[in-house]
Structures are given as C-alpha cells and as structure tokens.
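# Chains, contacts and geometry: an overview
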Amino acid sequence: MDLFLVQLLNGLVYAMLLFLMAAGLSLIFGLMNVVSLAHGSFFMLGAYIGLSIYQITNNFWLALVLAPIPTAALGMVVEILFLRPLYRRGHLDQVLMTFGFTFVFFDLVRSIWGSNIRNMAVPEALAGAVQIGAGIYPVYRLFLIAIGLALALILWLCIERTRIGAMVRAGVDDSAMASGLGANVPLLFTGVFGVGVALAALGGVAAGPIMGLYPGMDSEVMIPAFIVIVVGGMGSLRGAFVGSVLIGMADTFGKTYVPSMALFLIYLVMAVVLLTRPQGFFGIKHMGSSGNIPPRNAVATAPTTRSRIIGAMVVAAMAIAPLFVNNHQLTLVSEIFIFAILAMSLDILLGFTGLPSMGHAAFFGLGAYAVIVLASLFNVDPWIGVAIGVLLAAAGSAFVGYFCVSATGITFLMLTLAFSQLAYSVVVKWRDVTGGSDGIGIPEKPAFFIWSLESRMVMYYMTFGFFILCYLGLRRMIASPLGHVLVGIRENEGRMLAIGHNVQGYKLLAFIISGTIAGFAGGLYALFNGFISPDAIHWSASGDILIMVMLGGGGTLIGPAIGAAIFLLMKNLVSSYSDHWMLIIGCVFIGCVLFFPEGLWGTFRRLKPVRAS
Amino acid sequence: MGHIPSSQTGAGVMSVLRTDRLCRSFGNLVVTRDLSLEVQRGERHIIIGPNGAGKTSLANQIGGQLRPSSGRIFLEDVDITGQSPDRINRLGIARTFQKNNLFPNLSILENLRLAVQARRGHTLNCVRPVAHYSAVLDRARELAAIVHIEGEGSRLVRHLSYGEQRQLEIGMALASEPKLLLLDEPTSGMSPLETQRMIELIRDLPSDLAILMIEHDMKVVFSLADRVTVLYYGEALASGTCAEVQASARVREVYLGMAG
Ligand SMILES: Nc1ncnc2c1ncn2[C@@H]1O[C@H](COP(=O)(O)OP(=O)(O)OP(=O)(O)O)[C@@H](O)[C@H]1O
Ligand SMILES: [Mg+2]
C-alpha cells in the first residue's frame, strides 16, 4: 500500500484523538471562558482507569464505555467544588486552579499505577489488519477513525439539534446571555465540563493500545490539542474538528516527509494561522476579551522606616547565615536566590502587567543553555556565556513577545505556552548541540572574580548579591513612570489606550525586560548547577514559576521571592521523606488560589495596618 | 457631496472633527448610517437620540474603539479612520465613557497622573521614581481641582461617589490636552444637583475647545448646545440649533414625541 494512503489514515487517527480532547476543551472554553489545563490529566486518568477495568473484566469494550463515567464524575466534582467558587473572581484563577490539579492527578496516577510505561492490548475483535489497496492496515486504527467521526457527528447533532445544545450555543455566543438563562447556568456548566472530561477520558482509553500508558502522557496530547483549538478557533466545535484534522495531518505528514521539521510544523501552522486570522478559523469570540486578571496587590506602598529596618535585618541575617548552616542548606538557599530572581522577573509580566505567561522557563533555558553549550562546544568562558545568554534571551523575548502581546489573558497564556514548547522541541531534537533529552553539562565551574564557584560559600554570596541587585533594580523600575504604566495596563487596558498610552509597546517592553532577567537567572543557574536538561524548559517548569509567584503574591516583588523559597523548600523537604511532593504542592497551590488569591505576602501585607501618610 | 465644506482656511470655520458618510453595522443591525457631521473649533455639539440609536457606537468609532465599516473620519485635516485608540488620543481626541472606565484600584491622583504622564512624556524612564516628577503631579492636582474633585487625592477611585467618578472621567480626558473632547453622557445617572454642577463644569471649560457630547437630559442640552444632531437608528434626522431641531417635524414625530 502506498505510503501516502497509510499516512493519510495515520493522520486521521491522530486527528480523531486530538478531536476528542479538543472538542471538550473548546466547548468548556466557549461556555465558561476557562482553559482547563487539567484536561490532559483527565485523558490520562481515563486511560488508566480503562486499563484497570480492562484487566479486571478482560473486556475492552467495557473499559471504553465505563472509564469515562468515573472520570467525568471526578471532573464534575472538581468543577463544582473548585471552579465554581471562582467564577466571580476571574478566569485566570480558574486556569491556575486546573493547573494545580495536574500535579494532584499526576501524583495520583503515579502512585496508583506506577511510573513505568504500561501497555494495553488491542481487543481481539480488532486485532487484525485489513487489506486496503495493495497493502494492509491495522483494523484498530480504522476503528479509531470511525469512533472519532461518529462522536463528532453525535456531538454536532447534540449541539445543533437539541434544546440543551441551543443553550450551549447561546452561552458560547454571548456569556451575558448565558447568565440570562438563569438558574440553569451552573448545571449547564457542570454538564458541559463533565461531557468534555468524558470525551477526553474516552480518548485516553482509545489511545491506550497505540500510545501506551505512562505518567506524562497528559501533556503529550494536551499541547497539540491546545494548538488545535487555537488554530480552529476557540469555542467552536467545527473549529475543533477542522483544527484536529489539520494538525493531525501536518504532524503525521511532517514526520514522514520532512522529519527534521516535524516537531515544529504544527507550531508553524499555528503561527501562520494566528498571524493571518488571530481568532482561528471558526473563532466565535475574540479570545482577547476573555481573561481579565482580578486586581491583586494593587497599591504598592512606599517603604516606611520600619519596613526598611526589618528589610535590613533580614539582609543582615542572610549575610551571616552561612556561618550557621551546613553545605547542603547553603546550596538550597543559593538555588532559592536564583529562582527568586526568575520568579520576580515573571511577576513583572504576571503580577504587574497582568500578562499570564506560561512559557517563561524558555528564556531561563535560553540563558542556561547558552552558557553550557558555548562552554562545552566552543570553550567560551562561562561568564561570557552568561552575557551572550542574556542577549539571546532579550532577542528571544522580543521575538516571542512580538507575537504574543497583542493577545491578552488566556490566549496570551496559550501562545506563550506554545512558544515555550516549541523551544522545548528544538532542544530535545537538536541533540548534537544540546545533548537532547539527556541534557548537557560543563566539567568545571568558573571563578567569580578570584573566588572559585566550586566553593558553596562563594556561590551563596554571589547568588545572594545578584538577588539583592535584581530586587533593588526591579523595585526602582516599579516606582518609575514605566512601572506605573505597567500597573495601569493591568488595571484597565482600555482606559490606558484611551488616555494615549502605547499599550502594545509597553507590553512588549515588559515582556523583554522580564525575559531578559529570566535569561540572566538561567545563566546563573547554569553556573550553579553545571548542567541543564530540557526538563528545565518544559511547560510544567513554566508552571512551577507561575506557582511560585502566586504562592508568594503576584504584584509584589518580595512575594515571588518568598514563593520561590516555599516552593523549593517544600520540594526538597517533602521529597526527602515522601514521594508525594507533587500531590502536596498541588494541594497547597489549590488552597492558595482558593483562599489566598493575593498570595502569602500579599495577604500579610494587607493585614498589616497601613499608616496614613 | 456638496454640503461638506472643503477645509476652509483663514476665515475661522475650520472644522476640528469631520465624519464623512460613516457607516457601521453589527450583522444586520445598522448602528451608523451614512453619517456626516462636523464639529467646529469652540463648538459645543450635542448628539441626542433614543436608547440604542447608535450614539455610543459613533463615539467608539471616533475614539478608535470601534472600526467603521465604511466612511472616513478627519481630525482637522488628518484622516484618523481606523487608527488605534492611543494614536487617536495622541492626535488630539480625548474621550470619556458612558460607563465609568477608570482605574478603580488606584488613587485619584494616580488616575490623573497616568493620563498626564501619557501626554508629558518620561514614560520610558525606568529608574527615576514618579514622585520626582513634580510637574506631572502638579498638573494632576490642578486637573482634580478643575473637575471639582476636592479632598485627599490619595483616596482610591473605587471609594469615590458615582458623581465624583463621572467628574474624574472628564479630568482624565482633559489631561490629554485634546483638540476635541468627546463626552458620552457625562450626566448619566446623576442627581439634579450633580447634573447642575456638571453643566457648570463643562461650561467653564476653555471656550476654544471643541466638544462633541452625547446627552440624554434635555435640560443639559438646552443649557450647553451650540448645535444639536438627532440620531435615530444610526441616521442623522436633523442637525442645527436647539430651536431648529425642535422645529423639525420629523424629530417631533419620532423623538421628542416619544420623550414627552
Ligand atoms: N458590540 C456590539 N455587537 C452587537 N451589537 C451591538 C454592539 N454594540 C452595540 N450594539 C447594538 O448597537 C445598538 C446601538 O448601541 P449604542 O450603544 O451605540 O446605542 P446608544 O445610542 O449609545 O444607546 P444608549 O442611549 O442606551 O447609550 C444597540 O442596539 C446595541 O445593542
Ligand atoms: Mg450609549
């Protein structure tokens, strides 16, 4: 059978799997304005539950039909208990909430089913292959295509022909109208969320026999599904279908005919579509209108004498700390300083400008890889590497920012996420230079002036010094006219435009500043760690930084630093006596979004009596 | 189009704003239909019309928040059709919004300061604290006084009364030092007393400033307008002095008749 036909069918198989994910994502977004980052987790959870049912009953069909039920129930519980309380507060908090759940579900899957790859057998009835033209093709894959098409048709009929479908359509067209539907709205939301989750779970079970099951399969499908709905147009079922076919085909044919480009092809498709038609093929609503950031930690107060004294005491304590702590702790604190710089840099975007970036780790990675790649391949002095890395991060963030800053809220989040995954693909793919997924290291740490960074003490003081420098520099920027403009953009972008501020330009500037500092933090991390692997720029690493900022308090500078400290301390302490640090950090994060949306520092600052000046 | 004067120079009646056969629709709904109007220097031009007549949509097209489907908008002689709102503001049109559109979590002075800063530069400076730009701060205080907002400037805007927020809207627009001030129902939702104060506030604005204003309250219209345009389903029914418009049969029929 000719290769072309095989690829066509493979492309369709992939497209149908994507569609099962994308349909739910898109409907949920269209109706509730929430991009569920946990959607991939439900896919994974569905697959594993299906596996267990299959093993117990030895019946694949039962697994396929039953697995979506408990998964959907779980999804609806999440919606009712955790998302519903946040509808008033803004959609970003809900997105963050779903991100917290990716941790919880990942940990859950890993501890119930283990972290090894598990295989699911193709059901006997579909085990063979059929003759098509001159060749053969697996029946199971044909079955996947059929089931995907059938579900697409059923879904379409439900949306177009039923009363509930009409309500969903009305809600997607106009959120205000949805609230006009009155008491039914919460029910409708929960129902659609449940259906979306059920579709994802079904997709998970169906994909099991060809993909294999492993913790981490969630993001394998979620990123392409995101791209599908961005390309197809968020909120549109038709868009999800057309996008799935396009991305499925692009990916499959890309891998066969232009293997060197395969990983980037879908990103390329996305970039082209967004440049020519920003709302996607069938975009119903302009995505830009969807992500308002709730005001958090709006007003920065000028430092009082008392806060200056307290600050000086903290700095002094940190300066003499090395006398009292052991080497291991010293290293941990050095790492905290580096990540504190990184988190502060993200907060320029997230907390101050109101742009939730989910791809910040890419710039961190750019800085780190620059140091290590240049040192190991070209013998470049690591400090020159840091400088080059910072420049690269500035250039990279200017490039990415150029595409992203015209979007706001959740679209911005998805675009940055896609770009960072593109960077991730490049790093994994470009083995000769980056060492691929094994990572790459430098043999020896350089000196900091005359002191070798092999000494933990030197490393501590150096990172400490840079942290203080970055903190002071950023604090100055926040107090400057530029800083105030950024806060203005966060608070009310439309009004900033109406009073004549070039909002786009300032957003780009904020993006570049933030990315550049992240690049610097990456450079420091390369010196600190001597090794870097693609894990550092995976989208979940960007999510970690986001968690740090939110834990400590977005819109402040000390907050993200505190958040970085808490995050890394928890990761280290908890992982030293329990395997469940992801579960714990996920729960802490979820609790924080629910109860302390201003973060720990923000809450503390609010409680502090403010003296009238 | 004969009735559109080509830009007359010298003799004084140079229009600040001119729209030329502006059209805009949302799907089948036409909200602006072939609208050509002009605002002269120093003129108080008021647009009236029933709810949904397309008044705010017109303001949005002039301010750049909404793109016209066809037709052109000129500020003095510059074609500003389809420009971005910030560009249009910098070219000389400042506007207020029908629904208060401020920075509720920032202070009064910070609201005004941001608007002044856009006009008076320094915005790219990222090291010098804003507190050091005393000229900008002074101007912000001055504007608060001009729009009759008294008391502590550090109060958060969300704690202001509704009327004070309406006044601040105008202060924000004035901060841009516009050639044309575009006001969308500045007195909407105000008590009679507040309305009276607003009339005085607008009357005290520099007399050479061109003002295009949308208004519901006929009392305000009669006390301020040099020229009135009646909008009805996106169309200009009549345009002229208060007396001329009141005399128009069609206006009586569809609009004043309705109001009375
Ligand atoms: N973005 C939009 N999409 C669809 N229809 C719109 C949109 N904006 C306004 N409209 C419709 O256009 C018509 C005119 O609206 P507009 O706000 O311009 O009226 P208006 O004259 O300002 O009314 P009001 O006196 O109530 O302020 C209304 O019927 C409104 O529903
Ligand atoms: Mg209006």
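Computed from a predicted structure; not experimentally measured.

The subject of this paragraph is the coordination of the magnesium ion (ligand 2). Residues and elements named next belong to chain B. Donor atoms from the polypeptide that coordinate the magnesium ion (ligand 2) comprise Thr56 (OG1) and Gln98 (OE1), at 1.8 to 2.1 Å from the metal. You can see Thr56 sitting in helix 1 (residues 55–63) and its partner Gln98 sitting in the loop between strand 7 (93–95) and helix 3 (108–120), a full 42 residues away along the chain. By relative accessible area, which is 27% here, Thr56 ends up partly exposed. Here Gln98 falls in the partly exposed class, since its relative accessible area comes to 32%.

Bringing the packing of aromatic side chains into the picture now. By convention here, two paired aromatic rings are described through the distance between centres and the angle between planes. Summed over all chains, the structure comprises 36 aromatic pairs over all chains. Judged by centre distance (5.6 Å) and plane angle (40°), the rings of Trp383 of chain A and Phe448 of chain A are tilted. Of this pair, Trp383 of chain A sits in helix 16 (residues 382–404) while Phe448 of chain A sits in strand 4 (residues 447–448), placing them 65 residues apart in sequence. The cationic tip of Arg128 of chain B hangs over the ring face of Tyr133 of chain B; the distance from NZ or CZ to the ring centre is 4.6 Å.

Let us look at a nonpolar patch on the surface. Residue and element names in this part refer to chain A. Nonpolar side chains collect at one region of the surface, where Leu3, Phe4, Leu8, Tyr257, Val258, Met261, Leu268 and Val272 lie side by side and expose about 680 Å² of accessible area between them. Where the nonpolar patch is concerned, the elements lending two or more residues are helix 1 (3–32) and helix 12 (262–276). Considering every element that reaches the nonpolar patch, the biggest residue donor is helix 1, with 3 residues. Examined against the element boundaries, Leu8 turns out to sit in helix 1.

Taken together, the contact between chain B and chain A spans 33 residues of the former and 26 residues of the latter. In total, about 2400 Å² of surface goes out of reach between chain B and chain A, with carbon and sulfur atoms giving 61% of it. Taken together, the links from chain B to chain A amount to 1 salt bridge. A salt bridge links Arg495 of chain A to Glu169 of chain B, with the shortest nitrogen-to-oxygen separation between them at 2.7 Å. In this structure, the connection of chain B to chain A is made through 13 residue pairs in polar contact (both at pLDDT 80 or more). Listed by contribution, the elements that provide at least two residues to the side of chain B that touches chain A are helix 2 (85–91), helix 3 and helix 5 (162–175) of chain B. Per element, the largest residue contribution to the side of chain B that touches chain A is 6 residues, and it comes from helix 3 of chain B. When the residues that make up the side of chain B that touches chain A are grouped by side-chain class, the tally is 17 nonpolar, 9 polar and 7 charged.

Residue and element names in this part refer to chain B. Domain annotation for chain B reports domain 1 (1–91 + 180–260) and domain 2 (93–177). Averaged C-alpha coordinates put domain 1 and domain 2 at centres separated by 25 Å. On the side of domain 2, 18 residues touch domain 1, which itself brings 29 residues to the contact. Considering only the surface of domain 1 that becomes buried against domain 2, Asn89, Asp184 and Leu201 emerge as the three largest contributors, covering 25% of it. Taken together, the connections running from domain 1 to domain 2 amount to 0 salt bridges. Inspection of the domain 1/domain 2 interface yields 14 residue pairs in polar contact (both at pLDDT 80 or more). Listing elements by their share of the side of domain 1 that touches domain 2, those giving two or more residues are helix 1, helix 2, strand 8 (180–184) and helix 6 (192–203). By residue class, the composition of the side of domain 1 that touches domain 2 is 18 nonpolar, 6 polar and 5 charged.

Each value, and the rule that gives it
Residues numbered from 1 in each chain as written. Chains lettered and ligands numbered in written order. Predicted model: local features only at pLDDT ≥ 70, side-chain atom pairs only at ≥ 80, totals over all residues. Heavy atoms only, no water. Donors = N, O, S within 2.8 Å, 3.2 Å for Na, K, Ca; no water. Helix = DSSP H or I, 4+ residues; strand = E, 2+ residues; numbered from the N terminus. Buried < 20%, exposed > 50% of the residue type's maximum accessible area, 1.4 Å probe, protein only. Phe/Tyr/Trp six-rings, centres within 6.5 Å; stacked < 30°, edge-to-face > 60°. Lys NZ or Arg CZ within 6 Å of the ring centre and 35° of its normal. Patch = residues over 30% accessible without salt bridge, like charges linked within 9 Å, V, L, I, M, F, W, Y side chains within 5 Å. Areas by Shrake-Rupley, 256 points an atom, 1.4 Å probe, with all protein chains shown as cover. Salt bridge = Lys/Arg side-chain N within 4 Å of Asp/Glu carboxyl O. Contact = heavy atoms within 4.5 Å. Buried area = accessible area lost by both parts, 1.4 Å probe. Polar contact = N/O pair within 3.5 Å; in protein donor to acceptor, adjacent residues only side chain to side chain. Nonpolar A, V, L, I, M, F, W, Y, C, P; charged D, E, K, R; others polar. Domains from an automatic or database assignment.

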